[in-house]
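Geometric and topological summary
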Amino acid sequence: MASDALFLGNLPWDVCPEVVSKAIRDACEAHGRVEAVRVAQFGTGRHRRRRRDLGKLHHGHAHVRFSNEKDAGKAYKGLHGNLEIPSPRGMSQVVVEMAVKPPERPPTEEEVKRQEAQDLALQMQREHNRRQRKRRIGRHWEQVEAVVEKIEEPGGIHAVNAYADPMKLGLDPNKTRVDWSALPVTCDPQVGGGLGAEDGCETIRSRRKREQTEGFARILDKLTSGRSGLRIVDFGCGSGNMTLPLAYLFPNHRFVAVDMKKKSIELLEAKAREAGIKNVQGRVGMIERYEDALDIGLALHACGNATDHALRKAMQNLAAFVVSPCCVGKLKYSLKGGSSFSESWREYEDWDKALKQRKSVLESRPPPVLEELQHPASSWMQSCLTEEEFEVLASYADFHAEARPIQQLCKLNVEIDRAKGAKEAGYFSCIVKLTGEESYPKNDCIIGVHPNSAAFTDWICAEEMLR
């Protein structure tokens, strides 16, 4: 592209612009007539000084305009790769290229003032937006606190008192009953489950999964005491990091592993074959589509309303249940009549296929839901909150370990609502911490046993039941 100007880069920014400009002019005039040399200096707009530019005397590049294109071409051939400018740091090899666009003229005094006024107005607008955002966040927390305060005991601001004492239930969270070294490798989430380090050592994820499995095992030990042949269904089982060790530890019972992802079930079944486990059967499908009988329902971190569907399936069969919910914020899908992963799609396989084919939700109408869930789940919570207020409660119930105490209360109140819903259906129910990691947000565990359940036991102390 023909041009009457050169672009010069990699100029020594620790040399004053006047000295750099003179060195450039002297070098260029040996090849033709130079009309202007402009070293880019700090000013306004895109040339304003940034934090990284502190200590620099100019931007480090310049434009040189010649009287004609021929002189510019001669200067390019003569200076390209051959121009150096001395600096305190040594000789700087200057980059010389034909200018793609002509050099910018220096801004006029009026343009500088206009740009400064625009920058000031932009800064004031940003500060205003930050103040407005802070006010909005403050109003949100006030709204959440007002919702929590409306909830009656055992929930509300005193919800922490609803936890049952695991020691009185014989569920000491610090007591380990699983000897992981004695289990087949594929039954250990740390080694065969892919949650450990590459060398098989412990990670935070593998430690937690082991502790969660031990928590479920302690409860199952109570529910299955003196019994055999119970049908235990693990809803949302994934690749079997909890199902397989439980099936190995309780060989006298039948386990059904249900997950919406086909690949997860295939991996679970492959690991079960490798471990020689015969009492596990995999099922691909949504939890709400499960129609067979069960005696005990399990769900570890089944997202959003997947936990509620697992509870419903257990209660329809008067089965005992042990669930540790997570992703409570995803109840927003359920409140709009959706599934655990979408407010519009009901079948994971259909949704996954549509994504791969890049179809929009509107291109494929999902089948109707078999069962509509009700939120809040209990008449107790319904008497305290409207559906809109419950949605606010659920939306703030997902949190991390350093979250605000009000978010922890939101999550716990949602779990109390689930436990109360079971109690109203005739269940004995309670909420415990699944493991000894008190601050972990996914550590709440709801236990429910119906008097007519095949797994009914009186091991839950009366004073520990949810009031």
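Residues numbered from 1 in each chain as written. Predicted model: local features only at pLDDT ≥ 70, side-chain atom pairs only at ≥ 80, totals over all residues. Heavy atoms only, no water.

1. Examining the pairing of strand β5 (residues 90-93)
In the sheet, strand β4 (residues 84-87) pairs with β5 via four bridges, with the strands oriented antiparallel. Following the sheet pairing, S87 is matched in β5 by G90. Two successive antiparallel strands, β4 and β5, enclose a turn made up of two residues. (Pairing = 2+ DSSP bridges. Helix = DSSP H or I, 4+ residues; strand = E, 2+ residues; numbered from the N terminus.)

2. Overview of the sheet that holds strand β3 (residues 62-66)
Spatially, four strands are ordered β2-β3-β1-β6 in an open sheet, and the strand pairing comes out antiparallel. In the strand order of this sheet, the two ends are held by β2 (34-39) and β6 (95-98), each with one partner. Neighbouring strand axes in the sheet, compared pairwise and without regard to direction, differ in orientation by 20° on average. Relative to β3, β2 is paired through five bridges, and the arrangement is antiparallel. Bridge assignment links V37 to a residue of β3, and that residue is V64. In the packing of helix α1 (residues 17-29) onto the sheet, the strands contacted are β1 (5-9), β2 and β3, and the crossing angle to β2 comes to about 150°. Where helix α2 (residues 69-79) meets the sheet, it contacts β1, β3 and β6, and its direction lies at approximately 150° from that of β6. (Axes fitted to C-alpha atoms, helices over the stretch in contact; angles between N-to-C directions. Contact = heavy atoms within 4.5 Å.)

3. Let's talk about the sheet that holds strand β11 (residues 320-326)
Strands sit in the order β9-β8-β7-β10-β11-β13-β12 across an open sheet of seven strands; the sheet is mixed. Every interior strand has two partners, whereas the edge strands, β9 (280-284) and β12 (428-433), have only one. Taking each pair of neighbouring strands and ignoring which way they run, the sheet shows an average axis angle of 15°. In this fold helix α4 (residues 204-223) packs onto β7 (231-235), β8 (254-259), β10 (296-303), β11 and β13 (444-449), with an angle of close to 160° to the strand it touches most, β10. Against the sheet, helix α7 (residues 305-316) contacts β7, β10 and β11, and its axis sits at roughly 175° relative to β11.

4. Brief notes about the environment of C410
Within the secondary structure, C410 sits in helix α12 (residues 405-424). Given the relative accessible area of 0%, C410 is considered buried. Separated by 12 residues in sequence, C410 and D398 have C-alpha atoms that sit 8.5 Å apart. Leave out the neighbours within four places in its chain, and C410 touches V144, V148, L393, Y396 and A397. (Buried < 20%, exposed > 50% of the residue type's maximum accessible area, 1.4 Å probe, protein only.)

5. Some words on the confidence of the model for the protein
Here the protein averages 85 in pLDDT, and 85% of its residues register 70 or above. Across residues 358-370, where pLDDT falls below 50, the model places 18 contacts with residues more than four positions away in sequence or in other chains. (pLDDT = per-residue confidence, 0-100.)

6. With respect to the pattern of salt bridges
Counted under the stated rule, the structure contains 19 salt bridges. R207 is paired through a salt bridge with E437; the nearest N and O atoms lie 3.9 Å apart. One end of the pair, R207, is in helix α4; the other, E437, is in the loop between β12 and β13, with 230 residues separating them in the sequence. Residue classification places E437 among the buried positions, given a relative accessible area of 17%. Between E415 and K411 there is a salt bridge, and its shortest N-O distance comes to 2.8 Å. Linking E415 with K411, this pair stays in helix α12, spanning four residues, or about one helical turn. Each of the two residues, E415 as well as K411, counts as buried. Through salt bridges with shared partners, a single ionic network connects D308, K411, E415, R418, K433 and D444. (Salt bridge = Lys/Arg side-chain N within 4 Å of Asp/Glu carboxyl O.)

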